[in-house]
Amino acid sequence: MSERPLNGRRALVTGASRGIGRAIALALAEAGADVVVSARSVAPLEELAAHIGRMGRKSLALPCDVADPRQVAELASAVMDAWGGVDVLVNNAGVAGSHKFLNHPDELWHQMLAVNLTGVYYVTKAFLPPMVAQKWGRIITIASIAGKTGARYIAAYSASKHGVLGLTRSLAMELVEHHITVNAICPGYVDTPMTDTNIANISARTGMSPEEVRHTLARMSPQGRLITPEEVAALTVYLAREEARGITGQAINVDGGTVQW
Ligand code: NAP
């Protein structure tokens, strides 16, 4: 296997300012890709792009709110002008929130759907034309095991992640003829700022200490631990490789065995 299997590939990672997205951007660069890093916060993106530059790869830091179609169009046109498009699109940007369904705030519902589902739709649509033109592409979306199972208090988040799996599977079929694969990765709890916020919220609601909550979340996995962002990043790199061309329309769990379908 080549040491830099993604040499010459251009990638875009949304939600790259921290957590899983940051780890994916670094892993893609390590594998040889040039990487556009995007999110809403500018400073961490610029730091990350500089870091990737020091690794000897090209990088652009381009802020964008994926829920805003105008900003997504501007992002796509900036990338088109600079690099002519990307070969690998990683839809990672996402938000989490929870609430009892009784008195569920409509705003929370709309926010989850706008970022986690419609955001993936906007970004994928905007970056697809050059992939179709070159007859090669990889679209990888970071979904969740909440896209395959339901749980209390996460109706909106779970609905958004179930939706993104439907989008992934249908698009995979439609893009077969263009040699573009479309897959989703479904992590269990990952050790990121999103999970830290989750832990703080549960702790505030239940009176459990943050350490207790962290252990409770870890014990939900048969492996008794949180997944690391680097584990999700490694699978992303694999799916972007030439050798992964036979894998499409899949939703692959990285969850320590919690969900077995
Ligand atoms: P995180 O630490 O909160 O990072 C989320 C990233 O998304 C940040 O870079 C954030 O940057 C960006 N983002 C949020 N809203 C955005 C928007 N409207 N437009 C553009 N970027 C936006 O979360 P994470 O844990 O790394 O999660 C990454 C992905 O994995 C998400 O899709 C999440 O649902 C999924 N996931 C996470 C877990 C977990 O346990 N952590 C489990 C399964 C799936 P800005 O705030 O700067 O925009």
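Model, not experiment: these values are computed from the prediction.

> Quick question: what am I supposed to make of the overall build of the protein here?
The helix and strand inventory of the protein stands at 8 helices and 7 strands. Taken against the 2.2 N^0.38 rule, which gives 18 Å for 261 residues, the C-alpha radius of gyration of the protein at 18 Å falls within 12% of a compact globule. For the protein, the proportion of its 261 residues judged to be buried stands at 49%. Put simply, 70% of the contacts in the protein that link residues at least 6 apart link residues at least 24 apart. For the protein, the accessible area works out to roughly 12,200 Å², and carbon and sulfur atoms hold 55% of it. In the protein, 24 positive and 23 negative side-chain charges are present, and the distance between their average locations comes to 3 Å.

> Is there a simple way to explain the domain arrangement of the protein in this structure?
The domain architecture assigned to the protein consists of domain 1 (10-188 + 228-249) and domain 2 (190-226). Each of domain 1 and domain 2 was reduced to a C-alpha centroid, and the two centroids are 24 Å apart. Contact with domain 1, which involves 14 residues of that partner, is made by 8 residues of domain 2. Carbon and sulfur atoms supply 59% of the area buried between domain 1 and domain 2, which totals about 770 Å² over both sides. For the pair domain 1 and domain 2, the interface holds 1 salt bridge. Put simply, Arg225 and Glu231 hold a salt bridge, and the shortest N to O gap is 2.9 Å. For the pair domain 1 and domain 2, the interface holds 3 residue pairs in polar contact (both at pLDDT 80 or more). Counting residues per element, the ones that place at least two in the side of domain 1 that touches domain 2 are α1 (19-30) and α8 (229-240). By residue number, the principal contributor to the side of domain 1 that touches domain 2 is α8, which donates 3 residues. Classifying every residue of the side of domain 1 that touches domain 2 by side-chain character gives 7 nonpolar, 5 polar and 2 charged.

> Any chance you could explain the site of the ligand here in plain terms?
Inspection of the region around the ligand gives 30 residues, with Ser17, Arg40, Ser41, Tyr157 and Thr192 positioned closest. Side-chain polar atom of Asp65 to a nitrogen atom of the ligand: 2.9 Å apart, as the coordinates give it. Coverage of the ligand by the protein amounts to 96% of the 880 Å² it exposes when considered alone. Broken down by secondary-structure element, the contributors of at least two residues to the shell around the ligand are α1, α5 (155-175) and α6 (193-206). Of the residues assigned to the shell around the ligand, the class counts are 16 nonpolar, 10 polar and 4 charged. Residue-level mapping places the shell around the ligand at the junction of two domains, with at least three residues from each of domain 1 (10-188 + 228-249) and domain 2 (190-226).

The rules behind each value
Residues numbered from 1 in each chain as written. Predicted model: local features only at pLDDT ≥ 70, side-chain atom pairs only at ≥ 80, totals over all residues. Heavy atoms only, no water. Helix = DSSP H or I, 4+ residues; strand = E, 2+ residues; numbered from the N terminus. Rg over C-alpha atoms; globule rule 2.2 N^0.38 Å. Buried < 20%, exposed > 50% of the residue type's maximum accessible area, 1.4 Å probe, protein only. Contact = heavy atoms within 4.5 Å. Areas by Shrake-Rupley, 256 points an atom, 1.4 Å probe, with all protein chains shown as cover. Lys, Arg positive; Asp, Glu negative; His and termini not counted. Charge placed at Lys NZ, Arg CZ, Asp CG, Glu CD. Domains from an automatic or database assignment. Buried area = accessible area lost by both parts, 1.4 Å probe. Salt bridge = Lys/Arg side-chain N within 4 Å of Asp/Glu carboxyl O. Polar contact = N/O pair within 3.5 Å; in protein donor to acceptor, adjacent residues only side chain to side chain. Nonpolar A, V, L, I, M, F, W, Y, C, P; charged D, E, K, R; others polar. Near = heavy atom within 4 Å.

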